[in-house]
Amino acid sequence: MELTALKILSVLDRGALAAYCQAYGRWNAAETALALMAAKDAVTDGLVIRTKSGNLIQNPLVGTANKAMADMVRYAAEFGLTPSARTRVSGLDVTAEPNPFAALDEWIA
């Protein structure tokens, strides 16, 4: 994993990485559901839904996807995963200690 090789990610970052992964999962689920709705709705592509009273509103999944995407970008910046953040992130000066994420390298690849 490049983040551990660059010594940007340590065992202390487990919670922030988990939060990024959760946001990614939420964004992916919302976008998948929107795509399924879009396939059935050629007019609004699933972006607008009708309430029980007949009013048209933005599909709540749009807000969910947007919030999760914003969370992803915020967490990504913490790990130097955006172009501008990469210029500000430097690796930790860590002695040769075992990589706590070595088991994940094969799983993620």
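An account of the accompanying structure is given in this report. Since the model is a prediction, treat every value here as computed from it, not as a measurement.

What counts and how
Residues numbered from 1 in each chain as written. Predicted model: local features only at pLDDT ≥ 70, side-chain atom pairs only at ≥ 80, totals over all residues. Heavy atoms only, no water. Phe/Tyr/Trp six-rings, centres within 6.5 Å; stacked < 30°, edge-to-face > 60°. Helix = DSSP H or I, 4+ residues; strand = E, 2+ residues; numbered from the N terminus. Buried < 20%, exposed > 50% of the residue type's maximum accessible area, 1.4 Å probe, protein only. Salt bridge = Lys/Arg side-chain N within 4 Å of Asp/Glu carboxyl O.

For the structure shown, the criterion picks out 1 aromatic pair. Measuring from ring centre to ring centre gives 5.7 Å for tyrosine 24 and tryptophan 27, while their planes differ by 45°; the resulting arrangement is tilted. Separated by 3 residues within a single helix, tyrosine 24 and tryptophan 27 lie in helix H2 (residues 14-40), roughly one turn from each other. Here tyrosine 24 falls in the partly exposed class, since its relative accessible area comes to 40%.

Following the criterion strictly, the structure yields 2 salt bridges and no others. Of the charged contacts, one joins aspartate 71 and lysine 67 as a salt bridge, the two residues approaching to 2.8 Å between their closest N and O atoms. Placement of the pair is aspartate 71 and lysine 67 together in helix H3 (residues 60-78), with a separation of 4 residues, close to one helical turn. In this structure, aspartate 71 engages arginine 74 in a salt bridge whose closest nitrogen and oxygen atoms are separated by 3.0 Å. Placement of the pair is aspartate 71 and arginine 74 together in helix H3, with a separation of 3 residues, close to one helical turn. Since its relative accessible area comes to 15%, aspartate 71 is described here as buried. Take arginine 74: its relative accessible area is 46%, and that puts it in the partly exposed class. The structure contains a network of salt bridges with shared partners spanning Lys67, Asp71 and Arg74.

Keep in mind these numbers describe shape, not what the thing actually does.
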